[in-house]
Amino acid sequence: MGTALIHDEEMTKYKLLWVDPACKIEVPERLTVTYEALIQNGLTDRCVSVPVREATDADILLVHSEEYLEAVKKTPYMTLEDLKEFTLQYGDVYFHPNIYHCAKLAAGAALQLVDSVMTGKVRNGMALVRPPGHHSMRSAANGFCVFNNVAIAARYAKQKYGLKRVLIVDWDVHHGQGGAVLVLYFSWHRYEHQKFWPQLRESDYDSVGKDKGAGFNINVPWNQVGMKNSDYLSLFCHVLLPVAYEFCPDLVLVCAGFDSAIGDPEGKMCATPDVFAHLTHLLMNLAGGKLCAVLEGGYNLTSLPQSVCQTVQTLLGDPAPRPANLDGPCESALESLHCVRSAHRQYWSSLKHAVIKSFHMNVFFHLIRETLLKAEADSVALATLSSLIALVEKMEKNEVQSGYHACCVFPIRRDCRYRFFFPLLTCLHELQADVIMFNDFSSDLQWLGSGRRCGCSDALGFTQAVLSLLLPLGYEYDPSLVLLVRMSDSGVCDNMWQQLTGLLLGLAQGRTLVLMQVNAIPILDILPSSLLGDAAPSLRQLDAPLPEDVEALERLRHRLQADWKLLQTTGEHADAILINTAHHQTYSQFPPITASC
Ligand code: Q9C
Ligand code: ZN
């Protein structure tokens, strides 16, 4: 369906006109090098180019006060001295005679992107804008930002298209101040126990939103610099994605700041540009694929363009590169992860069981491998295996990226040349259980959900198992091929299958092989499209999973986390962390408008 790219050279036509060390990194080259890199990589040609427009007063007033807008309107006519003085009333921002024009274009670009996605002209897209937006408040410029582009876009989308649920994912390294406007706002940010700019108490994990908005503000404070790919991906798997799937957004907006990438002078983090391919991919099956990314920060002129290219390439449907050195989250990240999950467990059923710490280990796990290995002896299985090998060889030669194969038995063999990764879904009648088996040939991992409830009635339980168990395992295992087995009696509904397939395409550079039992006919129509990267249909709002299922899942995750670091959600010293929910002090300069959900 296409990917929109919005860019206009006009937004490079303002800059800092005086000496200010705090602002010198926000330069026009940020946009020029980024756009240049997109051209070099042939990505501009593959995108649908959408023109910018100026946001109207009415658009801007969706978020900002009239007094503030009127004040900014005067800046094009100010002298240098007046501009300097005007700037002084705000923090870490500068004005220029052309910045009002650019700020209108930046907000307008975000709105054009929303329109292109909501009218179905494209599936998703990215807007390259200056000035950024997420720090600006109702009546104040701040942190290089004049108007809050994404907050305006969110309100506009709700108003114009009647959307109920908008998810804003702010992966910029700074805490955005404008997210209070609505809906579900997720932000991770360099915090260092409130030592880092903007040093707000309200950026901490226990600021969860107020009144009707409680639980809709998810803050992840990074209390150390140097966070890596593993830290980012575990946050996605164990916090953002479970909540996002439960929230079930109609639209996903990304405050796409790349100062969270390696080499950035502001962020001082160590995540590599390719992690943004995965962050993007993991969001692309929400909201039926409707995702709008709007540039925010990013000041390293090498990692910024590389990260934007990774993002756009993924939006276009290219397979994400194998994630580099996922060695598990660091202790400080785990502490943040644990605190966020604890602070939000009362609002999200997917996090309800987040703080279970000790278990009775007498839960029994059925071994099913023997059952499956019996298939090896079967000649039909061997025939199937040879056609599979032919498919896999094609994949190895890059002739095909993914494939599917219908068969009646499943040849599971130990002696293959590949690091196989088997998420295997089945329903074993004699055991009365749904089974998810992750087989790495050295350990069998199974989650047994309750067998009585199958299909979409337990979609949330299934989703949680996929997000918090299967995905992190998959990322850490780093398979060269994903083999996905669907038995006819798996009891998992088609939508869920498409979600699962879509999410797993982020592994193994998209090399996914689906095996289906032949009588699973209905899936034949839809599977190829999810293998080709089409967005999975949204799951609609899901019922809470059965507590015993979530507990079983948590127990399993707990048992396995000694071997699989990406499954961890608490640090070694987790018991010593004091969850402080007694802070009710807020610092909001931006009157929160109660979330309407
Ligand atoms: N070294 C955006 O990324 N300066 N704005 C902080 C601490 C403000 C960043 C100074 C940084 C604003 C959109
Ligand atoms: Zn930033």
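Please read all numbers here as calculations on a predicted model, not as lab measurements.

So, how was this worked out
Residues numbered from 1 in each chain as written. Chains lettered and ligands numbered in written order. Predicted model: local features only at pLDDT ≥ 70, side-chain atom pairs only at ≥ 80, totals over all residues. Heavy atoms only, no water. Near = heavy atom within 4 Å. Polar contact = N/O pair within 3.5 Å; in protein donor to acceptor, adjacent residues only side chain to side chain. Areas by Shrake-Rupley, 256 points an atom, 1.4 Å probe, with all protein chains shown as cover. Donors = N, O, S within 2.8 Å, 3.2 Å for Na, K, Ca; no water. Buried < 20%, exposed > 50% of the residue type's maximum accessible area, 1.4 Å probe, protein only. Pairing = 2+ DSSP bridges. Helix = DSSP H or I, 4+ residues; strand = E, 2+ residues; numbered from the N terminus. Axes fitted to C-alpha atoms, helices over the stretch in contact; angles between N-to-C directions. Contact = heavy atoms within 4.5 Å. Phe/Tyr/Trp six-rings, centres within 6.5 Å; stacked < 30°, edge-to-face > 60°. Core = buried A, V, L, I, M, F, W, Y, C linked by side-chain atoms within 4.5 Å. Parallel < 35°, antiparallel > 145°, perpendicular 65-115°, else oblique. Left-handed = near helix turned anticlockwise from the far one by under 90°. Nonpolar A, V, L, I, M, F, W, Y, C, P; charged D, E, K, R; others polar. Expected span 1.5 Å × (residues − 1). Bend = angle between axes of the 7 residues up to and from the residue.

## Considerations on the site of ligand 1
Move 1: Around ligand 1 lies a shell of 13 residues, among which Asp92, Gly143, Asp259, Glu266 and Tyr299 are the nearest.
Move 2: Between His135 and ligand 1, the recorded distance is 3.3 Å, taken from a side-chain N or O atom to a nitrogen atom.
Move 3: For ligand 1, whose free accessible area comes to 410 Å², the fraction covered by protein is 85%.

## Some details on the coordination of the zinc ion (ligand 2)
Move 1: At 2.0 to 2.7 Å from the zinc ion (ligand 2) lie its protein donor atoms, namely Asp172 (OD), Asp172 (OD), His174 (ND1) and Asp259 (OD).
Move 2: The motif formed by the donor residues of the zinc ion (ligand 2), counted along the single chain, is D-x1-H-x84-D. Like Asp172, the residue His174 is buried in the burial classification.

## Concerning the sheet that holds strand E6 (residues 217–222)
Move 1: On the basis of which strands lie adjacent, the open sheet formed by eight strands has the order E2-E1-E3-E8-E7-E4-E5-E6 and parallel pairing. Each edge of the sheet is formed by a strand with only one pairing partner; in this case those strands are strand E2 (48–50) and E6. For this sheet, the mean angle separating the axes of adjacent strands, direction not counted, is 15°.
Move 2: Relative to E6, strand E5 (residues 184–190) runs parallel, the two sharing six bridges. Note that in E6 the partner of Trp188 across the bridge is Val220.
Move 3: The sheet contacts of helix H6 (residues 99–118) involve strand E1 (3–6), E2, strand E3 (124–127), strand E7 (251–256) and strand E8 (291–295), and relative to E8 the element is tilted by about 165°.

## So, the packing of aromatic side chains
Move 1: Inspection of the entire model under this criterion finds 20 aromatic pairs.
Move 2: With 6.1 Å between their ring centres and 85° between their planes, Tyr68 and Tyr90 make a pair best called edge-to-face. On the criterion of sequence distance, the pair formed by Tyr68 in helix H4 (residues 66–73) and Tyr90 in the loop between helix H5 (80–88) and H6 is long-range, its members being 22 residues apart. Comparing Tyr68 with Tyr90 shows no difference in burial state: the two are buried.
Move 3: Ring centres of Trp188 and Trp222 lie 5.7 Å apart, and the angle between their planes is 50°; on these two criteria the pair is classed as tilted. With Trp188 in strand E5 and Trp222 in strand E6, this residue pair connects regions lying 34 residues apart in the sequence.
Move 4: A relative accessible area of 0% places Trp188 in the buried class.
Move 5: Here the aromatic cluster, defined as three or more aromatic residues joined through ring pairs, consists of Tyr68, Phe86, Tyr90, Phe95, Tyr100 and Phe147.

## Regarding unusual backbone geometry
Move 1: With omega at -5°, the peptide bond leading from Arg130 into Pro131 counts as cis.
Move 2: Tracing the chain through its elements places Pro131 in the loop between E3 and helix H7 (149–161).
Move 3: In this structure, the amide linkage connecting Trp197 to the following residue, Pro198, adopts the cis form with an omega of 0°.
Move 4: By secondary structure assignment, the location of Pro198 is in the loop between E5 and E6.
Move 5: Phi is positive for Phe144, close to 70°, though the residue is something other than glycine.
Move 6: Assignment of secondary structure puts Phe144 in the loop between E3 and H7.
Move 7: A relative accessible area of 8% means that Phe144 is categorised as buried.

## Structural notes on the nonpolar core
Move 1: Counting residues in each nonpolar core, the largest one holds 155 residues, and the members touching the most others are Met126, Trp171 and Phe236.
Move 2: Broken down by element, the residue count for this core peaks at 14 residues, all from H6.
Move 3: Core analysis: the next-biggest nonpolar cluster, separate from the first, contains nine residues, Ala465, Leu473, Leu553 and Leu556 among them.

## Here we look at the packing of helix H14 (residues 459–477) against helix H15 (residues 494–504)
Move 1: With their axes 11 Å apart at the nearest point, H14 and H15 run at an angle of 15° to one another. Comparing their axes, H15 and H14 come out roughly parallel. In the packing of H14 onto H15, the handedness of the crossing is right-handed. Contacts between H14 and H15 involve Ala459, Phe462, Thr463, Val466, Leu467, Leu470 and Leu471 from the former and Met496, Leu500, Leu503 and Leu504 from the latter.
Move 2: Across the contact of H14 with H15, the residue classes tally to 10 nonpolar, one polar and no charged.

## Describing the packing of H14 against helix H17 (residues 547–560)
Move 1: Two elements in contact, H14 and H17, have axes separated by 11 Å at closest approach and are oriented at 10°. Relative to H17, H14 is oriented roughly parallel. Two secondary-structure elements touch here, H14 through Gln464, Ala465, Ser468 and Leu469 and H17 through Leu553, Leu556 and Arg557.
Move 2: Its residues assigned to classes, the contact of H14 with H17 comprises four nonpolar, two polar and one charged.

## Some thoughts on the pairing of E8
Move 1: Counting buried positions along E8 gives five out of five residues, so the element sits mostly inside the fold.
Move 2: Burial along E8 is two-sided: Leu291, Ala293 and Leu295 and Cys292 and Val294, pointing in opposite directions, are all buried.
Move 3: In this structure, E3 lies alongside E8, joined through four bridges in parallel fashion. From the neighbouring strand, Asn124 faces E8, where its bridge partner is Leu291.
Move 4: Bridge count between E7 and E8: five bridges; the pairing is parallel. Residue pairing in the sheet places Val254 in a bridge with Ala293 of E8.

## Concerning helix H8 (residues 229–247)
Move 1: Between its terminal C-alpha atoms H8 stretches 25 Å, which fits the 27 Å expected from 19 residues at 1.5 Å a residue.
Move 2: The sharpest bend along H8 measures roughly 40° and falls at Phe236.
Move 3: Directly after H8, the chain includes Cys248, whose backbone phi takes a positive value near 60°.

## Digging into the environment of Trp348
Move 1: Mapped onto the fold, Trp348 is located in the loop between helix H11 (331–344) and helix H12 (369–373).
Move 2: A residue is classified by how much of its surface remains accessible, and Trp348, at 6% relative accessible area, is buried.
Move 3: In contact with Trp348, not counting residues within four places along its chain, are Leu184, Gly215, Phe216, Ile218, Val243, Glu246 and Phe247.
Move 4: Polar side-chain contacts of Trp348 include one of 2.9 Å to the backbone oxygen of Gly215.

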